[in-house]
Amino acid sequence: MPDYGQAAISVSSAPPARAEVTEPGIKLRGRINAVGEFYMQFPNFLEPEPRPRKQKRINEPKYLIEAINQRPNYFEMAPNRRDVEFKTLDGLTLRAWLYPAGLSSPCIIMSHGVSHVLKAVCVHGCRVNAVYPQFSGIKHHHLNSFAERFQEEGWTTLVYDNRNWGESDGLPRNEIDPVQQVKDYFDAFDSAVSHPEVDPKRVVYWGSSLSGGNVICAAAIDRRIKAVVAQIPFVSGELQSAPMAGMVPALFANRTNVRAGNPSAMIPIIPDSFEQAETGHSPAVLNTPDAFNFLNGLSERGGNWENKVTLQTMFNILSFEPRAFINRIAPTPFLMVVSENDTTVPTAYQLAAYQQALEPKQLHVIRNTGHFGVYTGLPFEENIKVQIDFLRKNLQ
């Protein structure tokens, strides 16, 4: 084991080995890999006084209560990761975080997605029902919570921003093209395996919401991967065709406008203020207080996220059909995590798609939570435990 001077080192016996390096008033927590290298999991600072434990909630599984109450609360500081970037086949630069976990370790490749909401809107003076993007996530939006837990298991994780979003390149900005995003996973794979921390035979595709649909399509084609995790996945553009029928003429009119050299029409996602959200007097697609609080809170997590999306995005999503690919994932092990009360990507749609998948497959339904619940709190703890157990089994 490397020499850490006068620091006292304690190492757990259970793999992957955890370690603490302590000096007077200083504590580093981390992991010892197979070659004896110490990987710091938390930054070097004076450990704060622990916050009071939360009151036990009724009818919650015991292991989830313990996970929430016993997990330390650290100051918000940069974790053990580094900035990387990679090129796509068409020459764009996508920017990412790499969470290293030792030489030749398994690797989880992650990107965020976009959610949808059914809402009555006004298009060229006509009131129609339309399925609109709820938000396009970037890597700052809770993906670090998953990546850090994967890293603790000894798995390197690559988390990148999709093209046209966040810190990645691509035009037009704030436009989603899921077909291109599927292909970007293949380029992310090539980039990941170029790092010495990654074992090319133990790579996993991971996606959430729209990117959950992306990984379904990518895994149907790419046999290089070891497993795939689709969390609350978007499964069908066809299922959006009926509620979007009244909007199709506007979509074609927008295409004509873009072809003439003009920028696509943009749609605001949330109101400019909480007051507008309370009154509902806003042109934003999501003009409710709950939506404002959730999405406005995400902006505080950092990253380059803008409160708008192109109308052309809806045309792209309308023709995206992950459920047509889901039966082709086998024999790659497949995990789908679904929220019981998902109204954003309806639970019934996801479960119907899962039935079309072939073995080996695994389904986990998180009870009493909606689309966004899987990212935080007790639902997150249940979610990450299921994913880690699945990956432990399939990354041996």
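Structure: above.
The paragraphs below set out a description of the structure included in this document. (Residues numbered from 1 in each chain as written. Predicted model: local features only at pLDDT ≥ 70, side-chain atom pairs only at ≥ 80, totals over all residues. Heavy atoms only, no water.)

## Focus: the sheet that holds strand β16 (residues 361-366)
Moving on, step 1. Overall, mixed pairing links the eight strands, which are arranged β5-β6-β10-β7-β11-β12-β15-β16 in an open sheet. Both edges of this open sheet fall to β5 (82-87) and β16, since each of them pairs with a single strand only. Pairwise comparison of adjacent strand axes, ignoring direction, gives a mean angle of 20° for this sheet.
Moving on, step 2. Across five bridges, the pairing between strand β11 (residues 198-208) and strand β12 (residues 227-231) is parallel. Directly across from G207, in β12, lies its bridge partner A230.
Moving on, step 3. The sheet contacts of helix α4 (residues 210-221) involve β7 (105-111), β11, β12 and β15 (334-339), and relative to β11 the element is tilted by about 135°.
Moving on, step 4. Set on the sheet, helix α10 (residues 377-394) makes contact with β7, β11, β12, β15 and β16; between it and β16 the angle comes to about 170°. (Pairing = 2+ DSSP bridges. Helix = DSSP H or I, 4+ residues; strand = E, 2+ residues; numbered from the N terminus. Axes fitted to C-alpha atoms, helices over the stretch in contact; angles between N-to-C directions. Contact = heavy atoms within 4.5 Å.)

## As for the side chain of D187
Moving on, step 1. Mapped onto the secondary structure, D187 falls in helix α3 (residues 178-192).
Moving on, step 2. The buried charged residue D187 lacks any salt bridge partner; its closest oppositely charged side chain belongs to R163, at an N-O distance of 5.7 Å.
Moving on, step 3. Sequence-distant contacts of D187, defined by excluding residues within four places in its chain, comprise F86, K87, T88 and L89. (Buried < 20%, exposed > 50% of the residue type's maximum accessible area, 1.4 Å probe, protein only. Lys, Arg positive; Asp, Glu negative; His and termini not counted. Salt bridge = Lys/Arg side-chain N within 4 Å of Asp/Glu carboxyl O.)

## A few points about the packing of α3 against α4
Moving on, step 1. For the pair α3 and α4, the least separation of the axes is 9 Å and the interaxial angle reads 60°. With respect to each other, α3 and α4 are oriented oblique. Crossing of α3 against α4: the hand is right-handed. Where α3 approaches α4, its residues P178, Q181, V182, Y185 and F186 are matched on the opposing element by L210, S211, N214, V215, C217, A218 and I221.
Moving on, step 2. Of the residues contributing to the contact of α3 with α4, the split by class is nine nonpolar, three polar and no charged. (Parallel < 35°, antiparallel > 145°, perpendicular 65-115°, else oblique. Left-handed = near helix turned anticlockwise from the far one by under 90°. Nonpolar A, V, L, I, M, F, W, Y, C, P; charged D, E, K, R; others polar.)

## A few points about the environment of Q387
Moving on, step 1. Tracing the chain through its elements places Q387 in helix α10.
Moving on, step 2. Since its relative accessible area comes to 0%, Q387 is described here as buried.
Moving on, step 3. If near-sequence neighbours (up to four positions away) are discounted, Q387 is found in contact with F146, F150, W206, V229, Q231, L335 and V337.

## Looking at the pattern of salt bridges
Moving on, step 1. Tallied over the full model, the rule gives 15 salt bridges.
Moving on, step 2. Where R202 meets D199, a salt bridge forms, and the shortest distance between an N and an O atom there is 2.9 Å.
Moving on, step 3. Owing to a relative accessible area of 21%, R202 belongs among the partly exposed residues under this scheme.
Moving on, step 4. Among the salt bridges present, the one from E340 reaches R367, with a minimum N-O distance of 3.4 Å.

## Re the nonpolar core
Moving on, step 1. In terms of nonpolar packing, the biggest core is built from 48 residues, with I109, L158, Y160, Y205, V228, I326 and F334 touching the most fellow members.
Moving on, step 2. When residues no more than four places from it in sequence are discounted, the contact partners of I326 are I216, F334, M336, A353, Y354, Q356 and A357.
Moving on, step 3. In terms of nonpolar packing, the next biggest core, distinct from the first, is built from 28 residues, Y99, M110, A227 and V386 among them. (Core = buried A, V, L, I, M, F, W, Y, C linked by side-chain atoms within 4.5 Å.)

## Brief notes about the packing of helix α2 (residues 143-152) against α10
Moving on, step 1. Between α2 and α10, whose axes approach to 11 Å, the crossing angle comes to 40°. Judged on the interaxial angle alone, α10 and α2 are oblique. In this structure, α2 crosses over α10, and the sense of that crossing is right-handed. Residues S145, F146, R149 and F150 of α2 form the contact with α10, whose participating residues are F380, E381, N383, I384, Q387, I388 and L391.
Moving on, step 2. Taken together, the residues of the contact of α2 with α10 break down into six nonpolar, three polar and two charged.

## Concerning the packing of aromatic side chains
Moving on, step 1. Here the structure, examined in full by the defined rule, presents 10 aromatic pairs.
Moving on, step 2. For the pair F150 and W155, a centre-to-centre distance of 6.0 Å together with 45° between the ring planes defines the contact as tilted.
Moving on, step 3. Where F252 meets F315, the ring centres are 5.2 Å apart and the plane angle is 85°; that geometry is what we call edge-to-face. You can see F252 sitting in helix α5 (residues 248-259) and its partner F315 sitting in helix α8 (residues 312-318), a full 63 residues away along the chain.
Moving on, step 4. When its relative accessible area of 46% is taken as the criterion, F252 is described as partly exposed.
Moving on, step 5. Connected via pairs of aromatic rings, a cluster forms that spans F86, Y160, Y185 and Y205.
Moving on, step 6. Its guanidinium or amino end placed over the ring of F189, R224 lies 3.9 Å from that ring's centre, counting from NZ or CZ.
Moving on, step 7. The lysine or arginine in question, K361, covers the ring of Y354, its NZ or CZ lying 4.4 Å from the ring centre. (Phe/Tyr/Trp six-rings, centres within 6.5 Å; stacked < 30°, edge-to-face > 60°. Lys NZ or Arg CZ within 6 Å of the ring centre and 35° of its normal.)

## What about the pairing of strand β6 (residues 93-99)?
One face of the sheet, then the other: side chains in a regular strand alternate in exactly this way.
Moving on, step 1. The element β6 is largely enclosed, with a buried count of six among its seven residues.
Moving on, step 2. When β5 meets β6, the two strands line up antiparallel, connected through six bridges. Residue pairing across strands places D83 opposite W97, the latter belonging to β6.
Moving on, step 3. The antiparallel pairing of β5 with β6 creates a hairpin that spans five residues between the two strands, and G91 there sits at a positive phi of about 90°.
Moving on, step 4. The pairing of β6 with strand β10 (residues 156-160) spans four bridges and is antiparallel. Opposite Y99, over in β10, you have T157 as the bridge partner.

## Thoughts on the environment of D169
Moving on, step 1. With respect to the helices and strands, the residue D169 is situated in the loop between β10 and α3.
Moving on, step 2. The spatial distance from the C-alpha of D169 to the C-alpha of G91 is 9.6 Å, given a sequence separation of 78 residues.

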